Amino acid sequence: MATWRARMSFVLAAASALASCGSTAPDPGPSRQLRVLFIGNSLTYVNALPQMVADLAAAVGGWTITTESVAFGDYSLEDHWNRGDAVRAIERGKWDVVVLQQGPSALPESRALLVRYARMFAQKARGVGARPAMYMVWPGLSRPEAWDSVAASYAEAARAVDGIVLPAGEALRDALRQDPSLELFGGDGFHPTVLGSYLAALVIYARLTGHSPAGISRLAPPVSLDGPAAQELEAAAASALERYGP
């Protein structure tokens, strides 16, 4: 634990230093705009994750992020493809990024489907000038042995579509390793609390804009956060983003 905390302190200090010198992202000058479409299930719509990302941008400044989502409970990307709403949403919008998400996809067969339909959606996204992004989720807390497989599935899908990795699941895992008392998951051990969704939103916002996570929680906390908790979330986001680089 001491070694992990030391590493997290280093990551957060490095992120803070980069943010102060402006090397994590160019000076945005006038507000830059991103239009982001989220396609997923309850891990996207619980706690209004897309709106959290937009609210972070508004609080930090420099970026304006407009979001829409097509999300239904328990839906996979295959379900979305067959239903058609998500494809129509891509085709009608001038999106910059299309974020794709389904369940944990830890099993080989679900990983294959994730990759297959990510490719199909990525082709549609690029047809309107958008870049695909994979919102990496997590397994239930009752399946700790599946974390590595979930991360590998989403990383493989991102590679398959030359897309952006949004390593939210890894950030949640890092945060729990650092401080198991953090209330990141609800009673079912799978769906995030507001705090858990905020950490996912922090990862997504930081990756899409190039902004360091350091210090953001002081600007736009989702709930009342004390200093240590805010730093732990920011450090977990920075660690996950470092491991799954652009």
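K.L.:
Please explain the nonpolar core as it appears in this structure.
P.N.:
When a protein is soluble and globular, its nonpolar side chains tend to lie buried together. Within the largest apolar cluster, 78 residues are counted, with the highest numbers of intra-cluster contacts made by Ile39, Val98, Tyr135, Trp138, Leu184 and Tyr205. Looking at this core element by element, the count peaks at 11 residues for helix α9 (residues 194–209). Setting aside anything within four residues of it in sequence, one finds Ile39 in contact with Val70, Leu77, His80, Ala86, Ile90, Val98, Val99, Leu100, Gln101 and Phe121.

K.L.:
Even after reading the chapter, I still don't get the environment of Glu183, so can you show me in this structure?
P.N.:
Among the secondary structure elements, Glu183 is positioned in the loop between α8 (168–178) and α9. Taking relative accessible area as the criterion, Glu183 reaches 62% and is therefore assigned exposed. The residues touching Glu183, leaving out its near neighbours within four places in the chain, are Thr193 and Leu195.

K.L.:
What is the right way to read the packing of helix α5 (residues 85–92) against helix α6 (residues 108–127) from this model?
P.N.:
Relative orientation of the contacting elements α5 and α6 amounts to 20°, with a least axis distance of 8 Å. In terms of orientation, α5 lies roughly parallel with respect to α6. In the packing of α5 onto α6, the handedness of the crossing is right-handed. Where α5 approaches α6, its residues Ala86, Val87, Ile90 and Glu91 are matched on the opposing element by Phe121, Lys124 and Ala125. Within the contact of α5 with α6, the residues separate by chemical class into 5 nonpolar, no polar and 2 charged.

K.L.:
Just to check I follow, could you spell out the environment of Leu107 for this structure?
P.N.:
Summarising the element assignment, Leu107 is placed in the loop between β3 (97–100) and α6. In this structure, the C-alpha to C-alpha distance between Leu107 and Ser149, residues 42 residues apart in sequence, is 7.5 Å.

K.L.:
Help me understand the sheet that holds strand β2 (residues 63–71), please; the structure alone is not making it clear to me.
P.N.:
Think of a sheet as strands paired side by side through backbone hydrogen bonds, with each pair either parallel or antiparallel. With respect to topology, 5 strands assemble into an open sheet ordered β2-β1-β3-β4-β5, the strand pairing being parallel. The sheet is open, and its two borders are formed by β2 and β5 (164–166), each paired with just one other strand. For this sheet, the mean inter-axis angle between neighbouring strands, taken without regard to orientation, is 25°. Inspection of the sheet shows strand β4 (residues 131–135) paired to β5 by 3 bridges, in the parallel sense. Bridge assignment links Ala133 to a residue of β5, and that residue is Ile164. Its contacts with the sheet put helix α3 (residues 49–60) on β1 (32–40), β2 and β4, and the angle it makes with β2 is roughly 180°. Along the sheet, α6 makes contact with β1, β3 and β4, crossing β4 at roughly 145°.

K.L.:
Whenever I open this one, the pattern of salt bridges confuses me. Can you help?
P.N.:
Oppositely charged side chains can pair when the atoms bearing their charge come close. Scanning the model with the defined rule gives 11 salt bridges in all. Put simply, Glu68 and Arg92 hold a salt bridge, and the shortest N to O gap is 2.9 Å. With Glu68 in strand β2 and Arg92 in helix α5, the pair connects residues that are 24 residues apart, well separated along the chain. For Asp174, the salt bridge identified is with Arg243, shortest N-O distance 2.7 Å. Taken together, the positions of Asp174 in helix α8 and Arg243 in helix α10 (residues 227–243) put the pair 69 residues apart, joining distant regions of the chain. In the salt-bridge network here, residues are joined through shared partners; they are Asp148, Glu170, Arg173, Asp174, Arg177 and Arg243.

K.L.:
I keep staring at the pairing of β1 and nothing clicks. Help me out?
P.N.:
On a regular strand, one side chain projects to one face of the sheet and the next to the other, so that they alternate. Inspection of the sheet shows β1 paired to β2 by 9 bridges, in the parallel sense. Bridging across to β2, Arg35 finds its partner in Thr66. Pairing of β1 with β3, which is carried by 4 bridges, proceeds in the parallel orientation. What sits directly across from Leu37, in β3, is Val98.

K.L.:
Would you mind showing me how to read the packing of α6 against helix α7 (residues 147–160) here?
P.N.:
It is at 9 Å that the axes of α6 and α7 come closest, and there the two elements cross at 25°. With respect to their mutual orientation, α6 and α7 come out roughly parallel. The element α6 and its partner α7 pack so that their crossing is right-handed. Across the interface between the two elements, Arg111, Leu114, Val115, Ala118 and Arg119 from α6 touch Ser149, Ala152, Ser153, Tyr154, Glu156, Ala157 and Ala160 from α7.

K.L.:
Would you mind going over α9 with me for this structure?
P.N.:
An α-helical turn contains 3.6 residues, so a residue and the one three or four places further along point in the same direction. Taking 1.5 Å as the rise per residue, α9 with 16 residues should run 22 Å; its terminal C-alpha atoms sit 22 Å apart, in good agreement. Of all 16 residues that make up α9, 15 are buried, and the element is covered over most of its length. One or two steps after α9, the chain reaches Gly210, where phi turns positive at roughly 80°.

Thresholds, definitions, all that
Residues numbered from 1 in each chain as written. Predicted model: local features only at pLDDT ≥ 70, side-chain atom pairs only at ≥ 80, totals over all residues. Heavy atoms only, no water. Core = buried A, V, L, I, M, F, W, Y, C linked by side-chain atoms within 4.5 Å. Buried < 20%, exposed > 50% of the residue type's maximum accessible area, 1.4 Å probe, protein only. Helix = DSSP H or I, 4+ residues; strand = E, 2+ residues; numbered from the N terminus. Contact = heavy atoms within 4.5 Å. Axes fitted to C-alpha atoms, helices over the stretch in contact; angles between N-to-C directions. Parallel < 35°, antiparallel > 145°, perpendicular 65-115°, else oblique. Left-handed = near helix turned anticlockwise from the far one by under 90°. Nonpolar A, V, L, I, M, F, W, Y, C, P; charged D, E, K, R; others polar. Pairing = 2+ DSSP bridges. Salt bridge = Lys/Arg side-chain N within 4 Å of Asp/Glu carboxyl O. Expected span 1.5 Å × (residues − 1).

Purely geometric numbers; function is a separate question.
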